[in-house]
Amino acid sequence: MGEEGQRTVPDTKIVTALGDITRFPADAIANAANTSLLGGGGVDGAIHRAAGPELLAECRGLHGCETGKAKITKGYHLPAKYVLHTPGPIWHGGGRGEDGLLASCYRSCLELALEHGCRTVAFPSISTGVYRFPLDRAAPIAVEAVRAFCAAHPGSFDQIAFVCFDQRTRDAYDRALGRG
């Protein structure tokens, strides 16, 4: 076949960054939410504070979200156009489907991002804070879920970022990406 019939599909760039996800330039940022979607501590609270009261008002109309699923809202006062709210699993030792639920969080967010034309998405480390999911177990699950989704949807995203609150978390994601 001649070259005119071929086209290359760019790979999605998967990166890590150290910083505040509420200031990260992306079309959509994921929120490690609780099932009520009405705000909380950690990343969830920071996103609600930065987005402004309009975010809470929109979230009230969503009537919560199941663990492992995701719902989308506007970003309001955030640099991101959208927020992808996903309740991660609470760690109970690994015998209650936590790994599968965590992977589902990332897939569900990417499905919504794809549906809404987002080319760049930023994720926090879902469930590794107050939900106590072991970081060294969570990072490879997150990376594999993102890689698999991007492989199944080539050319759909320009960049997926894991925006890490501290260096320890970034190191775990870099290791999972084969960079550390």
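Residues numbered from 1 in each chain as written. Predicted model: local features only at pLDDT ≥ 70, side-chain atom pairs only at ≥ 80, totals over all residues. Heavy atoms only, no water.

On to the overall build of the protein. When its secondary structure is counted, the protein shows 5 helices and 6 strands. Going from the N terminus to the C terminus, the protein shows its helices and strands as β-β-α-α-β-β-α-β-α-β-α. Relative to the globule expectation of 16 Å for 180 residues, the C-alpha radius of gyration of the protein, 16 Å, shows essentially globular dimensions. Relative to its full complement of 180 residues, the protein shows a buried share of 48%. Considering only contacts in the protein between residues 6 or more positions apart, those separated by 24 or more positions represent 67%. In the form shown here, the protein has an accessible surface area of approximately 8900 Å², with 51% of it arising from carbon and sulfur atoms. Of the charged side chains in the protein, 19 are positive and 19 negative, and the gap between their average positions amounts to 5 Å. (Helix = DSSP H or I, 4+ residues; strand = E, 2+ residues; numbered from the N terminus. Rg over C-alpha atoms; globule rule 2.2 N^0.38 Å. Buried < 20%, exposed > 50% of the residue type's maximum accessible area, 1.4 Å probe, protein only. Contact = heavy atoms within 4.5 Å. Areas by Shrake-Rupley, 256 points an atom, 1.4 Å probe, with all protein chains shown as cover. Lys, Arg positive; Asp, Glu negative; His and termini not counted. Charge placed at Lys NZ, Arg CZ, Asp CG, Glu CD.)

Bringing helix α3 (residues 98–115) into the picture now. Here α3 spans 26 Å end to end across 18 residues, near enough to the 26 Å set by a 1.5 Å rise per residue. Taken residue by residue, α3 has Glu 98, Leu 102, Ala 103, Ser 104, Cys 105, Tyr 106, Ser 108, Cys 109, Leu 110, Leu 112 and Ala 113 as its buried positions. One or two steps after α3, the chain reaches Gly 117, where phi turns positive at roughly 70°. (Expected span 1.5 Å × (residues − 1).)

By volume, the largest pocket is sized at about 650 Å³. Along the wall of the largest pocket there are 28 residues; nearest its centre are Ala 32, Gly 42, Val 43, Ser 125 and Gly 129. Listed by contribution, the elements that provide at least two residues to the lining of the largest pocket are β2 (28–33), α1 (42–51), β6 (159–164) and α5 (167–176). The element best represented in the lining of the largest pocket is α1, accounting for 4 residues. (1 Å grid on protein atoms, 1.4 Å probe; cavity = no way out; pocket = protein on both sides within 12 Å on 5 of 7 lines; lining within 4 Å. Points joined across faces, edges and corners; volume = space filled by probe spheres on them.)

According to the stated counting rule, one finds 6 aromatic pairs in the structure shown. These aromatic residues form a ring-pair network of at least three members: Tyr 106, Phe 123, Phe 162 and Tyr 173. (Phe/Tyr/Trp six-rings, centres within 6.5 Å; stacked < 30°, edge-to-face > 60°.)

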